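Residues per chain are reported as follows:
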Amino acid sequence: MSGDCLFCKIAEGALSTEFLLATDHLVAFRDLHPVAPSHILVIPKKHISSLADLEADDQSLMGEMMLAIGQLAEQEGLESGFRVVVNTGPDGGQSVHHLHFHLLGGRSLTWPPG
Ligand code: DGP
């Protein structure tokens, strides 16, 4: 838990957010401002500020998160595809400084992103 981190509070259940998935190490919940019919955030319970702050010890946690994303995509019925985005740093458009994976699906997504 890091001081006043919003996603740490969500992860510890302090904000009564509905979890689509919760394990010892991660939680998944719907984005407050969805940009696709399915827009889920998957976050580690451990406070990690961004993808750029990962350490070697986080390797198995990241593997668990990838597997969770696959499970959530299946749960959401995203058989025709989905996208996973990790906004990182100011140029990456990161607004919440607790590592999170956006799982986006339910419509055809364009490329390149803005
Ligand atoms: P990013 O820009 O990549 O840092 O994405 C942060 C996302 O977090 C953004 O899409 C909106 C979402 N978000 C911010 N505050 C809350 C909240 O309190 N609850 C939920 N469910 N999502 C939030």
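See the structure printed just above.
Everything quoted here is computed from the prediction, not taken from an experiment.

Draft legend 1. Spotlight on unusual backbone geometry. Here the amide bond leading from W111 into P112 is cis, since omega sits at 0°, within 30 degrees of zero. Mapping P112 onto the fold places it in the segment after β5 (101-105). At S16, a residue that is not glycine, the phi angle is positive and equals roughly 55°. Inspection of the secondary structure puts S16 in the loop between α1 (6-11) and β1 (21-22).

Draft legend 2. Summary view of the packing of aromatic side chains. Following the criterion strictly, the structure yields 1 aromatic pair and no others. Between F7 and F29 the ring centres are 5.6 Å apart and the planes differ by 85°, which places this aromatic pair in the edge-to-face class. Of the two residues, F7 is situated in helix α1 and F29 in strand β2 (residues 26-30); the sequence distance between them amounts to 22 residues.

Conventions we followed
- Note on numbering: residues in each chain are counted from 1, in written sequence order.
- A pLDDT threshold of at least 70 governs which residues receive local features in this predicted model, and a stricter bar of 80 or more applies before side-chain atom pairs are shown or counted, although totals over entire chains, interfaces and linings include all residues.
- Calculation of side-chain values draws on the structure's entire complement of heavy atoms; hydrogens and water are dropped beforehand.
- Labels follow the DSSP assignment, with helices taken as runs of H or I lasting at least four residues and strands as runs of E lasting at least two, numbered in each case from the N terminus.
- A pair of Phe, Tyr and Trp rings is counted when the ring centres sit within 6.5 Å of each other, with Trp represented by its six-membered ring. The angle between the planes then sorts it: under 30 degrees is stacked, over 60 is edge-to-face, the rest tilted.

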